[in-house]
Structure formats: C-alpha cells, structure tokens
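What the coordinates show
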Amino acid sequence: MKVPIRIVDAFAEKAFGGNSAGVCLLDAAIDESLMQKIAAEVNSAETAFLVGSGNRFRLRWFTPAVEIDLCGHATLASAHVLWTEKLVQGGETIRFDTNSGELTAKQLADGWIQLDFPAIPSNPYENRDLASAIGATPTLVAMTHHTIIAELSSEQEVRELKPDIAAILALGVHGVIVTAKGADKYDFVSRFFAPAVGINEDPVTGSAHCALGPYWQKRLGQDTFVAYQASARGGVMRVTVAGNRALLEGKAVTTLSGEMNF
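Residues numbered from 1 in each chain as written. Predicted model: local features only at pLDDT ≥ 70, side-chain atom pairs only at ≥ 80, totals over all residues. Heavy atoms only, no water.

A separate point is the side chain of threonine 47. Mapped onto the secondary structure, threonine 47 falls in strand β3 (residues 46-53). With a relative accessible area of 0%, threonine 47 lands in the buried category. Setting aside residues up to four positions removed in sequence, threonine 47 forms contacts with Gly22, Cys24, Ala39, Val42, Arg60, Trp61 and Phe62. (Helix = DSSP H or I, 4+ residues; strand = E, 2+ residues; numbered from the N terminus. Buried < 20%, exposed > 50% of the residue type's maximum accessible area, 1.4 Å probe, protein only. Contact = heavy atoms within 4.5 Å.)

The next subject is the pattern of salt bridges. Tallying each qualifying case throughout the model produces 14 salt bridges. The partner of glutamate 13 in a salt bridge is lysine 251, and the shortest N-O contact between them spans 3.6 Å. Here glutamate 13 is found in the loop between β1 (2-10) and β2 (19-26), whereas its partner lysine 251 is found in the loop between β17 (245-250) and β18 (252-261), with 238 residues between them in sequence. Residue class for glutamate 13 comes out exposed when judged on its relative accessible area of 63%. The salt bridge involving arginine 60 is made with glutamate 67; its shortest N-O contact spans 2.8 Å. (Salt bridge = Lys/Arg side-chain N within 4 Å of Asp/Glu carboxyl O.)

All right, on to the packing of aromatic side chains then. Centre-to-centre distance and the angle between the planes together describe a pair of aromatic rings. Scanning the entire structure with this criterion turns up 5 aromatic pairs. The interplanar angle of 65° and the centroid separation of 5.6 Å between the aromatic rings of phenylalanine 188 and phenylalanine 225 together place this pair among those described as edge-to-face. Residue phenylalanine 188 is located in strand β13 (residues 188-194), and its partner phenylalanine 225 is located in strand β15 (residues 224-229); the two are separated by 37 residues in the primary sequence. Residue phenylalanine 225 is classed as buried on the basis of its relative accessible area of 3%. Summarising the aromatic geometry, the rings of tyrosine 215 and tryptophan 216 are spaced 5.4 Å apart at their centres and angled 85° between planes, so their arrangement reads as edge-to-face. For the pair tyrosine 215 and tryptophan 216, one class covers both residues: buried. In this structure an aromatic cluster arises from ring pairing among Phe188, Tyr215, Trp216 and Phe225. (Phe/Tyr/Trp six-rings, centres within 6.5 Å; stacked < 30°, edge-to-face > 60°.)

Counting residues in each nonpolar core, the largest one holds 55 residues, and the members touching the most others are Leu50, Trp61, Leu82, Ile94, Phe96 and Leu248. When residues of this core are assigned to their parent elements, the largest contribution, 7 residues, is made by helix α2 (residues 72-84). Those residues within four positions of phenylalanine 96 in sequence are excluded, and the remaining contacts are Leu50, Phe57, Leu59, Thr75, Ser78, Ala79, Leu82, Gly101, Glu102, Leu103 and Ala105. Among the nonpolar cores identified, the runner-up in size contains 22 residues, and Ile134, Val141, Ala180 and Val189 belong to it. (Core = buried A, V, L, I, M, F, W, Y, C linked by side-chain atoms within 4.5 Å.)

Time to look at the state of the cysteines. Tallying each qualifying case throughout the model produces 0 disulfides. Of the cysteine sulfurs around cysteine 24, a residue in no disulfide, the closest is that of cysteine 71, at 13 Å. Sulfur of cysteine 210: no disulfide; nearest cysteine sulfur belongs to cysteine 71 and is 10 Å away. Classification of cysteine 210 as buried rests on a relative accessible area of 0%. (Disulfide = S-S within 2.5 Å.)

Right, here's the structure in full:
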C-alpha cells in the first residue's frame, strides 16, 4: 500500500518553526488501527488523514498515541497542502467534516490562513496539586471540559517554566495550558502540556487557543489578539473570538513531500 504524505510546519513562516504535522492524502478511508500506526511512524504531534473531493473532506487527527477530536495546526497544514498542490481551487473555502463538527479554512489576502473553530468556554477551578505540577503558583485557574488553564503573573514566568510532566499526567486531565498577559508585542503568551495524549509539550496548539481566546476576551475586554506560544520552536497566531466561534489565523510551509510504503 502506498500513502502520499506531507510534513508541514504550521503556524510558521519558515521551516523548522511552529508545529510540525503529517498530512496523509487518502483515496478512501482506511482502518483506525492503520491510521494510528502511520501517526506513530510519522511521530509528529498530530497527523491528519483526509478523504474527499472538491472542497469537502473528512478529516481525522491522530497523535502518535491516540485519536483526538480537535486539532488546529494539522487542520491548517491540511488546508495549506490542498491549496498549494491545487487539489482545491485557490480562494475557495475548504470544508472539513470532523469529530468536532464542520470546520472551515479560507485564504486571507495577506497570505495567512483562517480557520473557523468552536470557541471553548472555561470556568473558575481549583486544584491543590496544580502549582507543584507546573512549578509555579497561578494567579487564576480555569477549566474547560477537559483542560486546565493556569494564568501566571508574567510572560517571563511562562517562558522560564519547568513543569513536572509526570505530575501533570497525574492530574488526570487532557492537558494544562499555562498563560500570561504579553509583555510587549503579544496580547498573551502560552505553553501547552498534554502528556495524557502522548505530547509532553506541544509546540503550537490551535485547539488551546480556542479556549485562550474566550479566556482572554473576559480578562482584557477585547475580541482580537496576537498570541505567541512560547515553546522551543514557538509560533505566532492571530485569534478572533466571534460569539461561539474562534477564528485562528496562521501561516504554513511544506518541508517534506513523499510516499509511505507498507
């Protein structure tokens, strides 16, 4: 069997930044266990699997360990591949059928790609083990349906954080987002730790910004943001909260094109 595959750096303006994603272009659906094996072989944070035609595709995402229900950077990577390889006409909105409903991607005039994702609400939350797990005392803590948001006092504290990954795993949540108000050119910064799904620290996480957008909308009283995820690779994202939707914007670059044979 031969499966065309691309490696794309998403939320990046040049290679070796942002978050790397595999994109598998399938002629027909394949078994879940095979998709999981391919994702483990690719060993990026997520690998996207696409089946479809025209401007509508079924899209699923797998980490090296599990399938997940929402992934921003691999969706951005998928849209980038479909347009750059002319599988979808330039300028045409792409529609993805996913486990999180229909998601769309469109090209913007400045070369960025905009994803239309669900906004994820959060509520105040307390966890006595959180401070020792992340290695800092949060000023505020909130919880989405499965992820903790921990706000710290400064951007520098977020950047210098050295969490205990085993302790984060023991919290029993999908992941922990650590965030702070930006010190200079970014409205807010963040890092995302998700050992429960096989990713100790994700380089740039679109789905986390679906929660961070509404969180900082309440904190700062604004709807649009320029955000930076302060991982080792790092990545810039523009975020707009529009009712129950989060519009995520970024760039992408293909770093490898090939074919998997098995």
